[in-house]
Amino acid sequence: QVRLVESGGGSVQAGGSLRLSCAASEYNACMGWFRQTPGKEREEVATRDRYNTTTYVHSVKGRFTISKDTAKNTWYLQMNSLKPEDTAMYYCAAKSRLCSVPGEFTYWGQGTQVTVSS
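Residues numbered from 1 in each chain as written. Predicted model: local features only at pLDDT ≥ 70, side-chain atom pairs only at ≥ 80, totals over all residues. Heavy atoms only, no water.

Undergrad: Describe the packing of aromatic side chains, naming the residues involved and giving the relevant values.
TA: Geometry of an aromatic ring pair is reported as the spacing of the ring centres plus the angle between the planes. By the definition in use, this model includes three aromatic pairs. A connected cluster of aromatic rings, assembled from ring pairs, spans Phe34, Phe105 and Trp108. If you follow arginine 42 out to its NZ or CZ, it ends over the ring of phenylalanine 34, 5.7 Å from the centre. Positioned over the ring face of phenylalanine 105 is lysine 95, at 5.1 Å from the centre of the ring. (Phe/Tyr/Trp six-rings, centres within 6.5 Å; stacked < 30°, edge-to-face > 60°. Lys NZ or Arg CZ within 6 Å of the ring centre and 35° of its normal.)

Here it is in structure tokens:
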């Protein structure tokens, strides 16, 4: 069982920045960040695979960056120019297959809250 531990959430004013971290107990081929607000479906925010192929939801392109430290089995979500609509619970997730291979993410973190005030 792969364990994912997130950190880095918090409260920030619009225009500010936060960096989320996700430490994994084991290496995974695909890692991602998701977010969810009450009453809404979970949204895939960004993914990155072992070949460094990345994807971003349109609303965060140019503002968010997903990166990884392979040696530490840790990946990050750098969030800049934050907007109130970025407020959500953010989850990291991982799966053993490449991101481009259809299928649900297998492993999930506990979530970390990000709140952006106007």
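Now, onward.
Undergrad: Explain the pairing of strand β5 (residues 43–49) to me, using residue names and the numbers behind them.
TA: Of all the seven residues making up β5, five are buried; the element is thus mostly covered by neighbouring parts of the structure. The pairing of strand β4 (residues 30–36) with β5 spans six bridges and is classified as antiparallel. Opposite phenylalanine 34, over in β5, you have glutamate 44 as the bridge partner. Here β4 folds back onto β5 in antiparallel fashion, the turn holding six residues, of which glycine 39 has a positive phi close to 85°. Note: β5 against strand β6 (residues 54–56), three bridges, orientation antiparallel. When the bridges of β6 are listed, alanine 46 appears paired with tyrosine 56. (Buried < 20%, exposed > 50% of the residue type's maximum accessible area, 1.4 Å probe, protein only. Helix = DSSP H or I, 4+ residues; strand = E, 2+ residues; numbered from the N terminus. Pairing = 2+ DSSP bridges.)

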